[in-house]
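# Structural characterization, general
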Amino acid sequence: MQAQQNEKLSLLVDDELDAVQELSLLKTVQQDLELQAKLRRYALISQAMKTEQCSVASPDFAAKIHQQLKQEPIYFLPRKKNDKVFHKAALAVAASVVLAVVWVSASKWQKQTLPFAGVNQIAQRSVQADQMNAHFKEYLQAHDKVWHVNNDTGVQSYARLASYQKK
Amino acid sequence: MRFLLFYLLFISSTFASEGQNLTGSQWLRNVSDAMKTLSYHGTVVFMKNGQIDTMKYQHSVEKGIETERLISLNTPLREITRNSGEISCLYKETSQKVESDHPVDRSFIVNLPLHAEQISEQYLLAVAGQEMIAMRPAQIIAILPKDNLRYARKLWVDTATSLPLKVEVYGLDGNVLEQVLFTELAIDDNGTSSQAQQNVLSQHLHEFKVETFGNSAYQLESLPAGFEKIFFIRTSMQQSNKQVDHLLISDGFSNISIYFEAKGNNKGIEGQRSLGPVNSYSRVMGDVQITVMGEVPMETIQLVANKVDVR
């Protein structure tokens, strides 16, 4: 009997019991403190095995939350609804959602229609680097005419885009 | 660096008695005279920035005007001619010719001070042994800076003609930054040289107008020890088509250029850059882009850049 219950608890933790068996077992557990403790241990072991991490809560953690919820006051006072404010707020929320959807769609569409925008940016940077290098080369040659001797390779950019293939 | 200095001083004292009993300054003066008066040709290898350029070289003097011609042996084929301060570079494959003017005569082979005795405050000239270069006996002259603001050099001088056969520039760590080397050299009887005329597309760069730095919008608080102003010109850059003010200072061997250019709408360039023996540092002051570059250590470049101001 004990072994059978242990097996059922294990199956419950692994979510392998059908609904009827689950309900029956939970009713039994509710009445038996030892089974409750065993269920918590099984759950902890299962969590540790699945995630290699576990956090241990105190045994009465769930009971304390239950108690706190029971102590929450219940208000039965009628609430006056401001319909105009409610409608305006609803309209504002709806408009915001529409705007957000339009903005996201537009940006996606832009990305789709300009698939080479990234390449253009790289090419632009490459052009700027080339211009800087050409400028630097002119400075060098004005500084010392012996730099006319060196051919162009010495002052070209260290990295340049040779080809691009979209995946 | 200090080890190199003492080593060369030792060699200097050892070989001084074997040489022609000339001091380093006298050797330099002889080199300078020989380069201005003799006509010669040969093959020169330029090693700079990890790049090797082998060129046919011809030097001639006619009516006191020096002409140097360099013809590349490898692609891109080009012919560079210096006629006093005028430089032209002819690209043979495209028949494009680029011309520029430079206010100071300076040989392609080596930069020498106008007055060798004036550099004694900054450099120690040591006569350091002999070697064979291009099958010719050469005297080594070590040019050693007395501070860390400039680079050391070695010059191999042809003992027969006093022409420079090899030049090396060393970084502060002792590594070679630049080499110029004759692999063959022959002395010509006269300075006549054939100037091949071709139908070429000529493009003139760097026309300049000499200005007075004192009247300019810029000022330089002080110069590094031994440096003096050589020229201040207003020139134009072909790439940007912008006017650039160019101040050149020199200690005889090492030159530093300071460029002042309107920044315009550009973001401006800030930072350091090195290319072979040349270091440069750029910074923006208000609307002015300042670039300092030269064959000196980066510390010297930054020292100069930090002394530059806009009036």
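One can find the structure itself at the top, above this paragraph.
A brief structural summary. (Residues numbered from 1 in each chain as written. Chains lettered and ligands numbered in written order. Predicted model: local features only at pLDDT ≥ 70, side-chain atom pairs only at ≥ 80, totals over all residues. Heavy atoms only, no water.)

The subject of this paragraph is helix α2 (residues 24-37) of chain B. All names here are of chain B. In a regular helix each residue adds 1.5 Å, so 14 residues correspond to 20 Å; α2 covers 20 Å between its end C-alpha atoms and thus fits that length. Those residues of α2 that fall on the buried side of the exposure criterion are G24, W27, L28, V31, S32, A34 and M35. Across the axial projection of α2, the buried residues extend over an arc of 165°, all falling on one side. (Helix = DSSP H or I, 4+ residues; strand = E, 2+ residues; numbered from the N terminus. Expected span 1.5 Å × (residues − 1). Buried < 20%, exposed > 50% of the residue type's maximum accessible area, 1.4 Å probe, protein only. Arc of directions from axis to C-beta.)

Residue and element names in this part refer to chain B. Scanning the entire structure with this criterion turns up 12 salt bridges over all chains. A salt bridge links E79 to K92; the nearest nitrogen and oxygen atoms lie 3.6 Å apart. Of this pair, E79 sits in strand β4 (residues 78-83) while K92 sits in the loop between β5 (86-91) and β6 (96-101), and the two are 13 residues apart along the sequence. Exposure remark for E79: the relative accessible area of 8% places this residue in the buried category. Take K92: its relative accessible area is 32%, and that puts it in the partly exposed class. For D245, the salt bridge goes to R234, with nearest N and O atoms at 2.7 Å. Residue D245 is located in strand β16 (residues 243-250), and its partner R234 is located in strand β15 (residues 228-236); the two are separated by 11 residues in the primary sequence. For D245, a relative accessible area of 4% corresponds to the buried category. One salt-bridge network, held together by shared partners, links E66, E68 and R82. (Salt bridge = Lys/Arg side-chain N within 4 Å of Asp/Glu carboxyl O.)

Residue and element names in this part refer to chain B. The buried fraction of strand β19 (residues 278-285) is high, at 7 of 8 residues. Looking at chain direction, strand β18 (residues 271-275) and β19 are connected through 5 bridges and run antiparallel. Bridge pairing links L275 to V278 in β19. Joining the antiparallel neighbours β18 and β19 is a turn of 2 residues, in which G276 adopts a positive phi near 60°. In this sheet, strand β20 (residues 288-294) lies alongside β19 in antiparallel orientation, the contact comprising 7 bridges. (Pairing = 2+ DSSP bridges.)

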